Amino acid sequence: MQNLAENVGEILTPPRFYTARVILSRGERQSKEAMNEGVKRHAKAYEVGFEEMAFELEAGAVKYTGLEVRFGENVRIIGLPANPDTARGFSGNVFLDEFAIHPDSREIWKSLFPVISAGFKLRVTSTPKGKGNKFYEIMTGKNETWSRHTVDIYQAVREGLPRDIEELRAGLDDEEAWEQEYELKWLDEAAAWLTFDLICANEHPEAGDPGLYEGNRVFIGNDIAARNDLWVAWVWELIGDVFWTREIVTLRRKSFAEQDAVMDELFERYRVARLVMDQTGMGEKPVEDAKRRYGSSRVEGVLFTNAAKLDMAIAGKQVFEDRRARIPEGDMVLRADLHKLQKVVGPTGIPRLVAERDGAGHADRTWAAFLGIAGAGAGEPAAGATVEHDPGAYRAAGHGRHASNLIRRPPGLISRGRL
């Protein structure tokens, strides 16, 4: 692993001529972190003086915030969210961070070569994220233009990284995530219902914040559990045709009374148009109770037959493929949950959706998300149903503001693990 610190060390070496160094990260938050925790922190450690500034640039219809750090007259380092258009207009050495999770990675790749065409260097680092992205092609290709390096957790610890491997592995309690994040294995994406590329393409830094609720109709998906799995309520606010995540509430081993109390709070906080619940098995009574509390026209129970699960999963996947979902950015547990669902085909040729059960659940968040999306597709509440909500008190406390319907979609050779 060649980390950001090593690249910063070279970046701070005075060049022979004036040039820019460009760091392209997955989004604005990651770009800011690279500049603050990488460039500026190391500059201070080297006691190198610098000036910093922020600037705006447009990529298509979307505006981005870039950061720039200047070292005297000769060196400037620019941090940008990665997008096929953001790097155009710059010339210099380029550092691509976590390239495997950049949406539109192939388009970014094509747009970069004019930037480095005058003999500048291009470095790419990432944790593996399946086989369906440009980073996988580069790392496993035969092109000898690239110098490829891989450092997994075992080598990093041997070389002095202070980590307890067994403690990390036990704490993560997810073999697939361990193999990918720490052992840097290229897991096959062919059977995944939602690939990592698709999941990451729908992430947004403003998703998952209840304070950004706009007062629009809300659809809640509720996966029921009382013992081993998670009880999950996924709150979607529909803005236009875009599903914004406002909250994802998870409970484990809580009583039905405690679950009901949490759902009551969600109904008080949001203008809930429909609640769709898993009615299978122990879900019968919670669904019956919810209909009594909120009205049968606003509550729907779904029996998890193979056909019903496939219908919901197809509708949910379509929303993700259309880039109409907004989910919290950088949540590794959520990414792993959404990626757990696998399509398998039995001897009869009929596809089924399955998920391994581990310490983080049984794709419970995924099914809650799909249930909520299915609720929006079920149509408007029936006549006479109460769908009223006054967010005035909530806004008076300083909550709620406009959130853009446009996803900040930064599109998209060193393999880097999570250390």
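The rules we used
Residues numbered from 1 in each chain as written. Predicted model: local features only at pLDDT ≥ 70, side-chain atom pairs only at ≥ 80, totals over all residues. Heavy atoms only, no water. Axes fitted to C-alpha atoms, helices over the stretch in contact; angles between N-to-C directions. Helix = DSSP H or I, 4+ residues; strand = E, 2+ residues; numbered from the N terminus. Parallel < 35°, antiparallel > 145°, perpendicular 65-115°, else oblique. Contact = heavy atoms within 4.5 Å. Nonpolar A, V, L, I, M, F, W, Y, C, P; charged D, E, K, R; others polar. Buried < 20%, exposed > 50% of the residue type's maximum accessible area, 1.4 Å probe, protein only. Pairing = 2+ DSSP bridges. Core = buried A, V, L, I, M, F, W, Y, C linked by side-chain atoms within 4.5 Å.

How would you summarise the packing of helix H12 (residues 332–340) against helix H13 (residues 364–377) if you had to cite specific residues and measurements?
The N-to-C vectors of H12 and H13 enclose an angle of 75 degrees; their axes lie 7 Å apart at closest approach. Judged by the inter-axis angle, H12 sits roughly perpendicular to H13. Residues Val-333, Leu-334, Asp-337 and Leu-338 of H12 lie in contact with H13, whose contacting residues are Asp-364, Arg-365 and Thr-366. Grouping the constituent residues of the contact of H12 with H13 by class yields three nonpolar, one polar and three charged.

Just give me the short version of the side chain of Ser-31, but keep the residues and values in it.
For Ser-31, the location among the structural elements is in helix H2 (residues 28–45). Judged by relative accessible area, Ser-31 falls into the buried class, the value being 3%. The contacts of Ser-31, once residues within four sequence positions are left out, are Ser-25, Gly-79, Leu-80 and Pro-81.

Before we move on, can you summarise the sheet that holds strand E14 (residues 325–328) with the specific residues and values?
Spatially, E8-E14-E11-E10-E9-E12-E13 is the arrangement adopted by the seven strands of the open sheet, whose pairing is mixed. Both outer strands of the open sheet, strand E8 (203–204) and strand E13 (299–302), are each paired with one neighbouring strand and no more. Where strand E9 (residues 217–223) lies against strand E10 (residues 230–239), six bridges are found, and the strand directions are antiparallel. Counterpart to Gly-221 in the pairing with E10 is Trp-234. Packing against the sheet, helix H10 (residues 284–294) makes contact with strand E12 (271–278) and E13, and its axis sits at approximately 165 degrees to E12. Lying over the sheet, helix H11 (residues 306–321) contacts strand E11 (242–252), E13 and E14, oriented at roughly 90 degrees with respect to E14.

Before we move on, can you summarise the nonpolar core with the specific residues and values?
With 34 residues, the main nonpolar core has Leu-194, Trp-236, Ile-327, Leu-341, Trp-367 and Phe-370 as its most contacted residues. Elements that contribute at least two residues to this core include exactly helix H8 (196–201), E10, E12, H11, E14, H12 and H13. Those residues in contact with Leu-341 that sit more than four places away from it in its chain are Ala-191, Ala-192, Trp-193, Leu-353, Val-354, Ala-355, Ala-363, Thr-366, Trp-367 and Phe-370. With 26 residues, the next largest nonpolar core counts Ala-20, Tyr-64, Val-94 and Val-124 among its residues.

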